[in-house]
Amino acid sequence: MNASVLPLTNNTPLCFTKNSPPFNYTLPIASAYYSSIFMILGLTSNLVAFGVLLKSFQRTQSRSRSFFLIFLAGLVFTDFMGLLLTGTIVVSFHVTHFNWRHLDPYCHLCNFMGMSMVFYGLCPLLLGATMAVERFIGINRPFARASSGTKSRTISLVLLVWFIAGCIALLPLTGFGAYHLQMPGSWCFLNISSKGYDLVFSLIFSLTGLICIAVSFLLNTISVVTLIKVCCGQDRSQRRRDHEVEMMVQLILIMVIASSCWCPLLIFIAQTVLSGAPLQVKYLLLWLRFATGNQILDPWVYILFRRAVLKRIYPRLDWSRGSIMTLYPSLRDTMRRLTHSSITSTVGSNETGEMGKLNGTPPSTLKPPPPSP
């Protein structure tokens, strides 16, 4: 690795104090071919996935499935915009070889790209954890989920995830950390350093992602165990479970892909800042490619692992429609009647008890008066 750095002065913008162009860097993994292929493949995959989700949303009649599709649409939109914004800057650099100091003397573009890298990196992990919570409640507390779940509330949760990720991405602009130009000069990212606020912000980024993955793993494991018990119970022949099975298969695959793609980078950042070791640019670029793969592989989960595709692959599987909320329609009506009658009887007994207290005699000891002579 060779880098020719311009002399730094006191007027050097913060984003160029670590690495300043022009660079002479010829690492193969940093070539334009990698960036172009990743960007084109990712954008195409997400566009196809968005079309599939839109068609599925128009056809679905399940409320829980429609909520899940809203989360998936938010995830696809996030992946698409992340690839579009960051990929455009990276590919433009490799094609034009522009000088950041001349094009962006005040670090506005560098800060924007750094924010985009953090925001669009955390959003899929936060959305994955939110989807795991939603499925955990939907499978383990279906009646509570049915009473509180609405499409507007689901959209609000997606917006809340974007807001949280945006707040974290904005921290360096307030002086809590910093965004720096990274080798080979084609991208900006948080300053991975073991000093001051850079250490804290690096840990916030890495630990937030790792906690989201851990929450997804825990809740998805519990949901899968619960779903297996429901599907393999005594009344399994009466149970309609295709929606839950389909959603859990997709969610598990999303979790596996996110863990495989993001854990190396997140662990690398935490390990580097905690150990105080010098940053290994080669490994940073390698793990960054792994993380970018998440945005490319995610859409294929929605494209391939659908009932329409699985029915063609395995037509013998019983794909009856419905959900865990409709496992026992008659039982659900019976529970409503029992609940109503229980409330009525409780109110009636309370009224009787109150009358007995007013008369000074318990209701159960009242006797009819003797007949008059």
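Report on the accompanying structure. (Residues numbered from 1 in each chain as written. Predicted model: local features only at pLDDT ≥ 70, side-chain atom pairs only at ≥ 80, totals over all residues. Heavy atoms only, no water.)

1. Side note on the packing of aromatic side chains
Okay, step 1: What the rule picks out here adds up to ten aromatic pairs.
Okay, step 2: Ring geometry for Y179 and F201: centres 6.2 Å apart, planes at 85°, overall edge-to-face. With Y179 in strand β1 (residues 179-182) and F201 in helix α7 (residues 196-231), this residue pair connects regions lying 22 residues apart in the sequence. We note that Y179, like F201, is buried.
Okay, step 3: Put simply, the rings of W187, F189, F205 and W262 touch in pairs and so form one group of aromatic residues. (Phe/Tyr/Trp six-rings, centres within 6.5 Å; stacked < 30°, edge-to-face > 60°. Helix = DSSP H or I, 4+ residues; strand = E, 2+ residues; numbered from the N terminus. Buried < 20%, exposed > 50% of the residue type's maximum accessible area, 1.4 Å probe, protein only.)

2. A short note on a nonpolar patch on the surface
Okay, step 1: The grouping of V133, I137, L207, I211 and V215 at the surface amounts to a nonpolar patch, some 370 Å² of accessible area in total.
Okay, step 2: Only α4 (108-140) and α7 provide two or more residues apiece to the nonpolar patch.
Okay, step 3: Considering each element in turn, the nonpolar patch owes the most residues, three residues, to α7.
Okay, step 4: As for its placement among the helices and strands, V215 is situated in helix α7. (Patch = residues over 30% accessible without salt bridge, like charges linked within 9 Å, V, L, I, M, F, W, Y side chains within 5 Å. Areas by Shrake-Rupley, 256 points an atom, 1.4 Å probe, with all protein chains shown as cover. Salt bridge = Lys/Arg side-chain N within 4 Å of Asp/Glu carboxyl O.)

3. Section: the state of the cysteines
Okay, step 1: Following the criterion strictly, the structure yields two disulfides and no others.
Okay, step 2: Between the sulfur of C15 and that of C107 lies a disulfide, 1.9 Å long from S to S. Disulfide C15 to C107: torsion about the S-S bond roughly -85°, handedness left-handed. Of this pair, C15 sits in the segment before α1 (32-59) while C107 sits in the loop between α3 (100-103) and α4, and the two are 92 residues apart along the sequence. (Disulfide = S-S within 2.5 Å.)

4. A word on unusual backbone geometry
Most of the time, phi is negative for any residue but glycine, and the peptide bond is trans.
Okay, step 1: Residues M183 and P184 are joined by a peptide bond in cis, for which omega reads 10°.
Okay, step 2: Note on placement: P184 falls in the loop between β1 and β2 (187-190).
Okay, step 3: Unusually for a residue other than glycine, H97 sits at a positive phi of about 55°.
Okay, step 4: Of note, H97 is situated in the loop between α2 (63-96) and α3.
Okay, step 5: The backbone phi angle of C107 is positive, close to 70°, even though this residue is not glycine.
Okay, step 6: Classification of C107 by relative accessible area gives buried; the value is 4%.

5. What about the pattern of salt bridges?
Okay, step 1: What the rule picks out here adds up to one salt bridge.
Okay, step 2: Between R135 and E134 there is a salt bridge, and its shortest N-O distance comes to 3.1 Å.

6. Some thoughts on the environment of I70
Okay, step 1: Note on placement: I70 falls in helix α2.
Okay, step 2: A relative accessible area of 15% means that I70 is categorised as buried.
Okay, step 3: For the pair formed by I70 and S152, sequence separation is 82 residues and the distance between their alpha carbons is 10.0 Å.
Okay, step 4: Ignoring any residue separated from it by four or fewer positions in sequence, one finds I70 in contact with F57, K151, T154, I155 and V158. (Contact = heavy atoms within 4.5 Å.)

7. Considerations on the packing of α2 against helix α6 (residues 151-170)
Okay, step 1: Contact geometry for α2 and α6: axes closest at 9 Å, N-to-C directions at 30°. As summarised for this structure, α2 and α6 are arranged roughly parallel, according to the angle between their axes. Taken as a pair, α2 and α6 cross one another with a handedness that is right-handed. Touching S66, F67, I70, F71, G74, F77 and T78 of α2 are K151, T154, I155, L157, V158 and W162, all from α6. (Axes fitted to C-alpha atoms, helices over the stretch in contact; angles between N-to-C directions. Parallel < 35°, antiparallel > 145°, perpendicular 65-115°, else oblique. Left-handed = near helix turned anticlockwise from the far one by under 90°.)

8. Section: the packing of α4 against α6
Okay, step 1: As a packed pair, α4 and α6 sit with axes 8 Å apart at the nearest point and diverge in direction by 145°. Both α4 and α6 take part in a crossing whose hand is right-handed. Judged by residue contacts, M115, V118, F119, L122, C123, L126, L127 and T130 of α4 engage V158, V161, W162, I164, A165, G166, I168, A169 and L170 from α6.
Okay, step 2: Residues of the contact of α4 with α6, tallied by class, amount to 15 nonpolar, two polar and no charged. (Nonpolar A, V, L, I, M, F, W, Y, C, P; charged D, E, K, R; others polar.)

9. A few points about the pairing of β1
Okay, step 1: Sheet topology places β1 next to β2; four bridges connect them, and they run antiparallel. For L181, the partnering residue across the bridge sits in β2 and is C188.
Okay, step 2: Linking β1 back to β2 in an antiparallel pair, the connection comprises four residues, with G185 at a positive phi of about 95°. (Pairing = 2+ DSSP bridges.)

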